[in-house]
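Below are the chains, spelled out letter by letter.
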Amino acid sequence: MVKKKPLVVLTRKLPDVIETRMRELFDARLNIDDKPMSQEDLIAAVRSADVLVPTVTDRIDAALIEQAGSQLKLIANFGNGVDNIDVAAAAKRGITVTNTPGVLTQDTADMTMALILAVARRIVEGAEVIPHGHWGGWSPTWMLGTRITGKRLGIVGMGRIGQALAYRARAFGLQIHYHNRRHVAAAIEEELEATYWESLDQMLARMDIVSVNCPHTPATFHLLSARRLQQLRPQAILVNTARGEIIDETALIEMLEAGELAGAGLDVFEHEPAINERLLKLAEAGKVTLLPHMGSATREGRVDMGEKVLINVKMFMDGHRPPDRVLPSAT
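Being a predicted model, the structure only gives us computed values, none of them experimental.

Engineer: Which parts of the structure should I look at to understand the UniProt feature "domain: D-isomer specific 2-hydroxyacid dehydrogenase NAD-binding" (unreviewed entry) in the chain?
Structural biologist: Under the feature "domain: D-isomer specific 2-hydroxyacid dehydrogenase NAD-binding" (unreviewed entry), the UniProt entry names residues 113-295. Counted over residues 113-295, helix gives 33% and strand 15%. Its end C-alpha atoms are 10 Å apart.

This is the structure in structure tokens:
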């Protein structure tokens, strides 16, 4: 008798090589059209699936988990963060949650460094000049940006991505400062010549560039509040490739509109995929650089994420503890 394969439901289209392997190993239900699942679709999925493979844009909250059938035993998130999943609610129902940590570190750090350069050197503005026929030739005083060499970079969250960014920034001649729950290893701090700030407020008030690289948790929601944003100097640049909810977006917009910041680079937004109309106007005026949540978007990174999901699902279904299990206390 052939053993029945577990039903694995994918909420979005994944790289072909991953989907093919999913079909080989499991009874995989694919999302060929890559249309985001509605709430009704998600309810139907958790009622039928043995394994749900959501992405960071799917809201897997307590209400949805309550609708799950008894057969659902694993939620294998295609993403590093799990702020889209109520891990505690899943645990109460005996559902294991996994994620895909570590594989996007270098890609996200690359994009963060790129955003720093883009804002400081007005790269996006410059790239639009020639196609729109607005260039009249070189001028000594036109499209002036800001030199980053010798400037102070304050990193909020010195985990894998924060450290990877620090090494890149050091190569560009930036002085590394950071705020974290604790010091990084002494050897790393010494190699980077990094300065640790226990007080986030004190660090923000002294930086030329600030990069947000911490995870989104209840404790970091609006970590950069209106009050904290006011600590930034008028010549400072703020970059965020972590999660939009970490910054009070309305307060940031008001400061940019008032000219109280030199600029900002955002790859994530507080209410994405919806983008505040005021942010769009600021982008048109060259006061902010906006990217469509593409910090981790490399072919290699997406395949690596998919392979992590495959390993987690396969090990779980074989009766072993998946390597990337997420516990409620860790969220």
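Still more to cover.
Engineer: Help me understand the side chain of Asn 240 in this model?
Structural biologist: Position of Asn 240 among the secondary structure elements: in strand β10 (residues 237-240). Residue classification places Asn 240 among the buried residues on the basis of a relative accessible area of 1%. Within the structure, the side chain of Asn 240 is placed 2.9 Å from the backbone nitrogen of Ala 242, a separation counted as a polar contact. A polar contact is formed between the side chain of Asn 240 and the backbone oxygen of Arg 243, at a distance of 3.1 Å. Excluding anything up to four places from it in sequence, Asn 240 contacts Val 212, Ile 247, Gly 265, Leu 266, Asp 267 and Val 268.

Engineer: I keep staring at the environment of Arg 121 and nothing clicks. Help me out?
Structural biologist: Along the chain, the position of Arg 121 falls in helix α5 (residues 105-121). Looking at Arg 121, the relative accessible area reads 53%, which means it is exposed. C-alpha separation for the pair Arg 121 and Arg 147, spaced 26 residues apart in sequence, amounts to 7.5 Å. Setting aside residues no more than four positions away along its own chain, Arg 121 makes contact with Gly 145 and Thr 146.

Engineer: Could you clarify how one ought to interpret the UniProt feature "domain: D-isomer specific 2-hydroxyacid dehydrogenase catalytic" (unreviewed entry) in the chain in this entry?
Structural biologist: Taken from the UniProt record, the annotation "domain: D-isomer specific 2-hydroxyacid dehydrogenase catalytic" (unreviewed entry) applies to residues 19-326. Overall, residues 19-326 shows 38% helix and 13% strand. The separation of its end C-alpha atoms is 23 Å.

Engineer: Before we go on, may I ask you to explain the environment of Ile 130 in this structure?
Structural biologist: Relative to the helices and strands, Ile 130 is located in the loop between α6 (123-129) and β6 (152-156). Remark: the alpha-carbon pair of Ile 130 and Thr 241, spanning 111 residues in sequence, is separated by 28 Å.

Engineer: Please clarify how the sheet that holds strand β3 (residues 51-53) should be interpreted in this entry.
Structural biologist: Backbone-to-backbone hydrogen bonds pair the strands of a sheet. The strands run either parallel or antiparallel. Read across the open sheet, the five strands follow the order β2-β1-β3-β4-β5; overall the sheet is parallel. Looking at which strands have only one partner, the edges of the open sheet turn out to be β2 (27-29) and β5 (96-98). Taken pair by pair, the neighbouring strands of this sheet meet at an average axis angle of 15°, ignoring direction.

Quick notes on the rules
Residues numbered from 1 in each chain as written. Predicted model: local features only at pLDDT ≥ 70, side-chain atom pairs only at ≥ 80, totals over all residues. Heavy atoms only, no water. UniProt positions renumbered as here; feature names shortened; annotations may be inferred. Helix = DSSP H or I, 4+ residues; strand = E, 2+ residues; numbered from the N terminus. Buried < 20%, exposed > 50% of the residue type's maximum accessible area, 1.4 Å probe, protein only. Polar contact = N/O pair within 3.5 Å; in protein donor to acceptor, adjacent residues only side chain to side chain. Contact = heavy atoms within 4.5 Å. Pairing = 2+ DSSP bridges. Axes fitted to C-alpha atoms, helices over the stretch in contact; angles between N-to-C directions.

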